[in-house]
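# A structural walkthrough
Listed below, chain by chain, are the residues.
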Amino acid sequence: MKRLLLSILLVLAVGTCTAKGFVVRKSQVKSEAYRELAAEIDRSGLLQQMAAELNQVIVLDDTLGLRFSECGEPNAFYDPKRREVAVCYELIESYYENMAAAYDTEDELDDAVAGAFLFVFFHEVGHALVDVLDVPVTGREEDAVDQLSVWVLVDGEEGDKAVLDAAVGFYAAAEAEDAVDEGSFADEHSLDQQRFYNMICWVYGSDPDAYGNLVEDGHLPAERAKRCAAEYARIDRSWSRLLAAHLKP
Ligand SMILES: [Zn+2]
């Protein structure tokens, strides 16, 4: 019995070491304030679902960790040393605070926060793929992985809404933050307002007939809108080609 147990443990240990692809790592919570949110997210199986879906599509020779973490700031990261994407509980909390005014009901706000999470999650997964798959990038990587995230999410249905909600999140964050200063111009990210317009441009560009209201309602200026179909088509061609060798047949 003891030997059997030992061999099972050994198989499990070897299995863990040789696992390839996306894996969920244990959430890290230090303070009491995030315990409830952490438990709720753990119960939802959200990261397990994301890992399973990514593993159905992408072939990796390495292990990429996914985790929620208490970070001390509202952010999300890809850590190349640990080969790990971490989304901070503080970021989810900040979405709830910044986006509350833009939605009428709790359910709408929950959906919008989920959309904002999905966008930032695939943005960070984009950084991870650029690293482990050695994907070539010219220009700002931050913009390139924003494009990847939109490209992954846009589906003519709920994914489009996730991107539009995430765009609202950027606009709300810009309004909640201090004024744009020299540091903002030096930052590796585009300004939040620019990310807002890029994201709604690309959703519009993915189906201009369906999203004409974004222009008619004044959210997307007509001058930019006329470029968006071509911009989205290029994003689609580029990321399809860059990831082609790594997608499951
Ligand atoms: Zn980034």
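Parameters and conventions
Residues numbered from 1 in each chain as written. Predicted model: local features only at pLDDT ≥ 70, side-chain atom pairs only at ≥ 80, totals over all residues. Helix = DSSP H or I, 4+ residues; strand = E, 2+ residues; numbered from the N terminus. Rg over C-alpha atoms; globule rule 2.2 N^0.38 Å. Buried ≥ 20, exposed ≤ 12 C-beta atoms within 10 Å, placed from the backbone. Core = buried A, V, L, I, M, F, W, Y, C linked by C-beta atoms within 7 Å. Pairing = 2+ DSSP bridges. Contact = placed C-beta atoms within 7 Å. pLDDT = per-residue confidence, 0-100. Expected span 1.5 Å × (residues − 1). Bend = angle between axes of the 7 residues up to and from the residue. Axes fitted to C-alpha atoms, helices over the stretch in contact; angles between N-to-C directions.

### As for the overall build of the chain
A count of helices and strands for the chain gives 11 helices and 4 strands. A compact globule built from 249 residues should have a C-alpha radius of gyration of about 18 Å, and the chain, at 20 Å, falls within 12% of that. Its C-alpha atoms give the chain principal-axis dimensions of roughly 70 × 45 × 35 Å. For the chain, the residues scored as buried account for 32% of the 249 residues in total.

### Describing the nonpolar core
With 61 residues, the main nonpolar core has V163, A167 and V203 as its most contacted residues. A per-element tally of this core places helix α5 (residues 106–132) first, with 12 residues.

### What about the pairing of strand β3 (residues 76–79)?
In regular strands, side chains alternate between the two faces of the sheet. The side-chain alternation of β3 yields one buried face, formed by A76 and Y78, and one unburied face, formed by F77 and D79. Where β3 lies against strand β4 (residues 84–88), 4 bridges are found, and the strand directions are antiparallel. Its bridge partner being in β4, F77 is matched across the sheet by A86. Hairpin remark: β3 followed by β4, antiparallel, with 4 residues in the connecting loop; positive phi at R83, about 50 degrees.

### Some thoughts on the environment of M50
On the secondary structure map, M50 appears in helix α3 (residues 46–57). We classify M50 as partly exposed; it has 19 C-beta atoms within 10 Å. Between the C-alpha atom of M50 and that of F22, which follows or precedes it by 28 residues, the distance is 8.7 Å. In this structure M50 touches L66 and F121, once residues within four positions along its chain are discounted.

### Looking at the environment of A166
Secondary-structure assignment places A166 in helix α7 (residues 158–176). Every residue in contact with A166, bar those within four places of it in the chain, is listed here: G115, A116, F119 and M199.

### Section: the confidence of the model for the chain
Residues with a pLDDT of 70 or more make up 93% of the chain, whose mean pLDDT is 92. A low-confidence stretch, residues 8–17 (pLDDT under 50), is modelled with 0 contacts involving residues beyond four sequence positions or located in other chains.

### Let's talk about helix α4 (residues 89–99)
Every buried residue of α4 is accounted for by Y89, L91, I92, S94, Y95, N98 and M99. Packed against the buried residues of α4 are α2 (35–44), β2 (63–69), β3, β4, α5 and α7.

### What to know about helix α11 (residues 222–243)
The first and last C-alpha atoms of α11 sit 32 Å apart over 22 residues, in line with the 32 Å expected at 1.5 Å per residue. The sharpest bend along α11 comes to roughly 40 degrees, located at C228. Those residues of α11 not exposed but buried are C228, Y232, I235 and W239. Residues of α11 that are buried make contact with α6 (141–153) and α9 (192–206).

### Description of the environment of S240
Inspection of the secondary structure puts S240 in helix α11. For S240, a count of 11 C-beta atoms within 10 Å translates into the label exposed. Between the alpha carbons of S240 and L109 there is a distance of 32 Å; along the sequence they are 131 residues apart.

### A word on the sheet that holds β4
Sheet strands line up and pair through hydrogen bonds in the backbone, either parallel or antiparallel. Reading across from one edge, β1-β2-β4-β3 is the order of the 4 strands in this open sheet, with mixed pairing throughout. Each having just a single partner strand, β1 (21–24) and β3 make up the two edges of the open sheet. Between one strand and the next, the sheet's axes are offset by a mean angle of 20 degrees, whatever the strand orientation. In the sheet, β2 pairs with β4 via 5 bridges, with the strands oriented parallel. Looking at β4, one finds that L66 is bridged to V85.

### Considerations on unusual backbone geometry
With phi around 50 degrees, R83 is a residue other than glycine that occupies positive phi space. Along the chain, R83 falls in the loop between β3 and β4. Despite not being glycine, D134 has its phi angle at roughly 55 degrees, a positive value. Mapped onto the elements, D134 comes out in the loop between α5 and α6.

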